[in-house]
Amino acid sequence: AVLADNGHQVRLWTRNSEQADEINNQRTNVRFLGDVELSQGIEAVTELEAALNGAQAVIFVAPSAAMREVARAAAPYIGRDVLCIHATKGFESGTYNRMTTILAEELDRSESTLVVLSGPSHAEEVVRKQPTTVVVASAEQYHAESAQDLFINSYFRVYTNPDLIGVEVAGAIKNIIALGAGLSDGLSFGDNAKAALITRGLTEIARLGDAMGANMLTFAGLAGVGDLIVTCTSTHSRNWRAGSLLAKGLEVDEVLRQMGMVVEGIRTTRAAYELAKLYDVQMPITEQLYQVLFEGKSPKLAVEALMGRGRTHEIEEVTKAWSKHV
Ligand SMILES: NC(=O)c1ccc[n+]([C@@H]2O[C@H](COP(=O)([O-])OP(=O)(O)OC[C@H]3O[C@@H](n4cnc5c(N)ncnc54)[C@H](O)[C@@H]3O)[C@@H](O)[C@H]2O)c1
Ligand SMILES: O=P(O)(O)OC[C@H](O)CO
C-alpha cells in the first residue's frame with residue numbers, strides 16, 4: 001500500500017486465487033486488513049513469474065518458515081540488478097539462518113546487496129496511513145538508500161542503518177518478548193511486569209545480538225526498543241495475542257489454530273533458545289518461554305523462576321556490551 005501510494009505499480013503475489021480476486025475486484029483484503037480500501041496501484045497475481053517479470057524491486061514478506069521455499073521459487077525470475085528487500089522477522093529452523101542469509105543463498109548473490117525493512121509497524125495501521133517509522137538496513141548504504149527512496153513518504157518515515165545483523169536479530173527476538181508480554185497480561189500481572197519484560201527482553205536481544213556481531217546501538221533504535229514497545233503493547237500484535245491465549249492454558253497448536261495468522265515468536269523461541277546455547281549467552285526469558293511452549297511448564301512457575309533467579313547487577317552486564325559501540 002505504501003509503495004502504491006508512492007506511485008509505484010505493485011504486483012502482490014498470493015497463492016490464493018480467491019484472495020487475489022477479492023483484492024483485484026473488491027479492493028479489500030478483509031481477513032487481514034478489515035474494510036480498508038486498497039489502492040488501484042496494487043494488482044494481486046497468483047503466478048510468481050507474472051509477479052516478478054520486469055520488477056525493479058522485490059519485497060519478500062512470506063513467514064520465515066516459507067522464506068527459503070519462496071526465494072527458491074522466485075530466484076529464476078529475479079535479475080542480478082533487482083533491489084531485494086525483506087520484512088520477515090525470524091530465523092530458519094534448524095540452521096538458525098537470518099533471512100538475508102537464506103536470500104543470499106537462494107538468489108545466489110552477496111548478502112551486502114540485500115536490505116531488511118523493520119521497526120514498529122503493524123500493517124493494520126500502515127494501511128490506514130497512520131504515522132509510522134521504520135529502518136532499512138543494508139551493509140551497503142547505496143542499497144539502503146534505494147529502499148528508503150522507494151518507501152519514504154509523509155506518513156511512512158524511513159531511516160537507513162548499516163547494521164543488517166542487529167536489525168534482523170532485534171526483529172526476530174522481540175516476538176519472543178511479545179509472547180511473554182501477552183502471557184503476563186493474560187495472567188493479569190500489571191504494568192510493572194510488562195515494563196520489566198520489555199527492558200530485560202532488550203537485554204536479551206542485546207546479548208545475543210552482540211554475540212552474533214550486531215552494533216548495540218541498533219537496539220536503542222526503531223528496530224530494537226521501538227519494535228519491542230509496539231509488539232508488547234499493541235492489541236494488533238499477533239505474538240502478544242498468542243501469549244494471552246497461552247495464559248488461558250491453551251496448548252500451542254490450539255493457540256495457532258485460533259490465531260489463523262503467523263505467530264513468528266513460537267518458532268523463534270526454539271531457535272533463540274538453541275542460539276543462546278550455541279553462543280553461550282544468558283537469555284532467561286527466552287529459556288522460560290521455551291519451557292512453557294515446548295516442555296509443558298506452567299506460566300506461573302516460569303514467572304517464579306524468573307523472579308527467583310540469583311542476584312545480579314544491572315549496570316555491569318549491560319554496559320559491557322553497549323559501551324563497546326559508543
Ligand atoms: N503483520 C505485520 O504488521 C507485520 C509487520 C512487520 C513484519 N511482519 C512480518 O512479516 C512476515 C509475515 O507476517 P504476516 O503478518 O504477513 O503474516 P500473515 O499470517 O498475516 O500472512 C502470511 C501470509 O503468508 C502466506 N504463506 C504462508 N506460507 C506460505 C508459503 N509457503 N508460500 C507462500 N505464501 C505463504 C499465508 O497464506 C498468508 O497469506 C512475518 O515474518 C512477520 O513477522 C509482519
Ligand atoms: O503482530 P506481530 O506481533 O507479529 O508484530 C508485527 C510486527 O513485527 C510489528 O512491528
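Below you will find a few notes about this structure.

Criteria and thresholds
- Residues numbered from 1 in each chain as written.
- Chains lettered and ligands numbered in written order.
- Predicted model: local features only at pLDDT ≥ 70, side-chain atom pairs only at ≥ 80, totals over all residues.
- Core = buried A, V, L, I, M, F, W, Y, C linked by C-beta atoms within 7 Å.
- Buried ≥ 20, exposed ≤ 12 C-beta atoms within 10 Å, placed from the backbone.
- Helix = DSSP H or I, 4+ residues; strand = E, 2+ residues; numbered from the N terminus.
- Domains from an automatic or database assignment.
- Contact = placed C-beta atoms within 7 Å.
- Near = placed C-beta within 6 Å.
- Nonpolar A, V, L, I, M, F, W, Y, C, P; charged D, E, K, R; others polar.
- Pairing = 2+ DSSP bridges.
- Axes fitted to C-alpha atoms, helices over the stretch in contact; angles between N-to-C directions.

## Considerations on the nonpolar core
Phase 1 of the analysis: Ranked by size, the top nonpolar core spans 85 residues in total, and within it V115, A147, I173, I177 and A272 carry the most contacts.
Phase 2 of the analysis: Ranked by residue count, the leading element in this core is helix α9 (residues 164-186), at 13 residues.
Phase 3 of the analysis: Two domains each donate at least three residues to this core, and these are domain 1 (2-162) and domain 2 (165-323).
Phase 4 of the analysis: Other than its neighbours up to four places away in sequence, V115 contacts I85, V136, A137, S138, H143, A144 and A147.

## Let's talk about the site of ligand 2
Phase 1 of the analysis: Surveying the vicinity of ligand 2 reveals 14 residues, the closest of which are S121, T231, S237, R238 and N239.
Phase 2 of the analysis: Those elements giving two or more residues to the shell around ligand 2 turn out to be α9, α11 (222-233) and α12 (238-247).
Phase 3 of the analysis: With three residues, the single largest contributor to the shell around ligand 2 is α11.
Phase 4 of the analysis: For the shell around ligand 2, the class distribution of residues is three nonpolar, seven polar and four charged.
Phase 5 of the analysis: Both domains that furnish three or more residues to the shell around ligand 2 are identified here as domain 1 (2-162) and domain 2 (165-323).

## Concerning the sheet that holds strand β7 (residues 156-161)
Phase 1 of the analysis: Strand order in the open sheet made by the five strands is β3-β4-β5-β6-β7, with mixed pairing throughout. For this open sheet the edge positions go to β3 (57-60) and β7, each flanked by a neighbour on one side alone. The mean angle between the axes of side-by-side strands here comes to 25°, regardless of whether they run parallel or antiparallel.
Phase 2 of the analysis: Both strand β5 (residues 114-118) and strand β6 (residues 132-137) contribute to a ladder of three bridges, which runs antiparallel. Note on β6: the bridge partner recorded for S118 is V135.
Phase 3 of the analysis: Running over the sheet, α11 touches β5, β6 and β7 and is turned about 145° from β6.

## Focus on the site of ligand 1
Phase 1 of the analysis: Every one of the 19 residues lining ligand 1 counts as a neighbour, but A66, K89, A123, M261 and V262 are closest to it.
Phase 2 of the analysis: Split by residue class, the shell around ligand 1 holds ten nonpolar, five polar and four charged.
Phase 3 of the analysis: Looking at which domains feed residues into the shell around ligand 1, each of domain 1 (2-162) and domain 2 (165-323) gives three or more.

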